[in-house]
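One-letter residues, chain by chain:
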Amino acid sequence: FIFVRRNWEHDRLHLERRVRRLAFDRLPYSLLIFPEGTLLCKSTQERMQKFAAEKGLALDSLPKSTLLPRVNGIYTSLQTLNGKCDGLLDLTFGFEGVDINREDPEKTFGIRKLFRDGIGTDGVHILARIVPYSDIPLGNREEFAEWMKSRFAEKERYMQEFERHGLFQSAKYAPDQPPLMSTSSVFGVFVFTAAATSFLLHLLYDFLPAFSRWLLN
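It should be emphasised that the depicted structure is a prediction, and the values quoted were computed from it without experimental measurement. (Residues numbered from 1 in each chain as written. Predicted model: local features only at pLDDT ≥ 70, side-chain atom pairs only at ≥ 80, totals over all residues. Heavy atoms only, no water.)

Asks: Where do I start with the nonpolar core in this structure?
Replies: When a protein is soluble and globular, its nonpolar side chains tend to lie buried together. By size, the foremost hydrophobic cluster in this structure holds 21 residues, and its most contacted members are Ile74, Leu78, Leu81, Ile136, Leu138 and Phe144. Within the second largest apolar cluster, six residues are counted, among which are Leu127, Tyr158, Met159 and Phe168. (Core = buried A, V, L, I, M, F, W, Y, C linked by side-chain atoms within 4.5 Å. Buried < 20%, exposed > 50% of the residue type's maximum accessible area, 1.4 Å probe, protein only.)

Asks: Which parts of the structure should I look at to understand the confidence of the model for the protein?
Replies: Keep in mind that low pLDDT regions are not for reading the predicted coordinates in detail. Here the protein averages 77 in pLDDT, while 76% of its residues score no lower than 70. Least confident of the elements in the protein is strand 3 (residues 189-190), whose mean pLDDT is 38; most confident is helix 6 (residues 141-165), at 93. Contacts for the low-pLDDT stretch residues 174-207, under 50 throughout, to residues beyond four places or in other chains number 111 contacts. (pLDDT = per-residue confidence, 0-100. Helix = DSSP H or I, 4+ residues; strand = E, 2+ residues; numbered from the N terminus. Contact = heavy atoms within 4.5 Å.)

Asks: Sorry if this is basic, but what is going on with the pairing of strand 1 (residues 87-95) here?
Replies: Most of strand 1 is tucked away: nine of the nine residues are buried. In the sheet, strand 1 pairs with strand 2 (residues 124-132) via nine bridges, with the strands oriented antiparallel. For leucine 89, the partnering residue across the bridge sits in strand 2 and is isoleucine 130. (Pairing = 2+ DSSP bridges.)

Asks: Before we go on, may I ask you to explain the pattern of salt bridges in this structure?
Replies: When their charged atoms lie close together, side chains carrying opposite charge are able to pair. In this structure the tally under the stated criterion is six salt bridges. A salt bridge links arginine 12 to glutamate 16; the shortest N-O distance between them is 3.4 Å. Separated by four residues within a single helix, arginine 12 and glutamate 16 lie in helix 1 (residues 8-25), roughly one turn from each other. We note a salt bridge from glutamate 154 to arginine 129, for which the minimum N-O separation is 3.1 Å. You can see glutamate 154 sitting in helix 6 and its partner arginine 129 sitting in strand 2, a full 25 residues away along the chain. Residue classification places arginine 129 among the partly exposed positions, given a relative accessible area of 21%. Residues joined in a network through salt bridges with shared partners are Asp90, Arg151 and Lys155. (Salt bridge = Lys/Arg side-chain N within 4 Å of Asp/Glu carboxyl O.)

This is how it looks when you write it as structure tokens:
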């Protein structure tokens with residue numbers, strides 16, 4: 001875990017030091033990044049709307065099934081890696097059994113229900129795509145921010161589709177896409193989830209290493 005204070009002047013230096021250490025220690029690792037910063041619920045949507053109003057963004061253009069991504073953390077991490085990774089594993093998660101228009105996912109599949117009552121999602125759908133490091137626009141922050149915006153606009157379309165049909169129906173696959181060469185490289189991970197963060201973290205720590213090995217073989 002890389003703990004932050006939500007003070008960017010402090011967090012930037014702390015993040016750079018930790019990521020640089022990961023990159024140069026030459027040990028296998030995975031770097032999990034949640035650009036949304038939190039889960040989707042009524043209160044986070046309200047905060048997003050307030051932020052958009054302060055920045056002069058049109059409220060009717062805001063996503064309904066995802067949140068606006070935060071750019072600073074992932075941009076700094078990828079710049080600090082400076083090519084010492086093969087690419088980015090872009091993950092989009094869809095959890096069955098949650099109607100995000102009527103339910104608070106944290107309450108539907110919260111820690112107490114998951115670990116005390118054994119109540120969890122019936123299924124997890126994962127859309128996974130590899131983005132080579134060379135395809136990520138890191139020349140300047142503004143260009144990267146636009147790239148992130150387009151990635152999350154695509155995620156928004158997939159999540160709305162998932163809510164209607166229960167799967168990522170129109171996802172296109174590229175079987176001829178060349179695989180990454182090394183499972184020891186770091187992967188930045190975009191994640192949107194409609195379920196509890198605790199459940200997602202539990203799933204990722206058990207599942208991600210094996211999933212990465214399968215995807216790259």
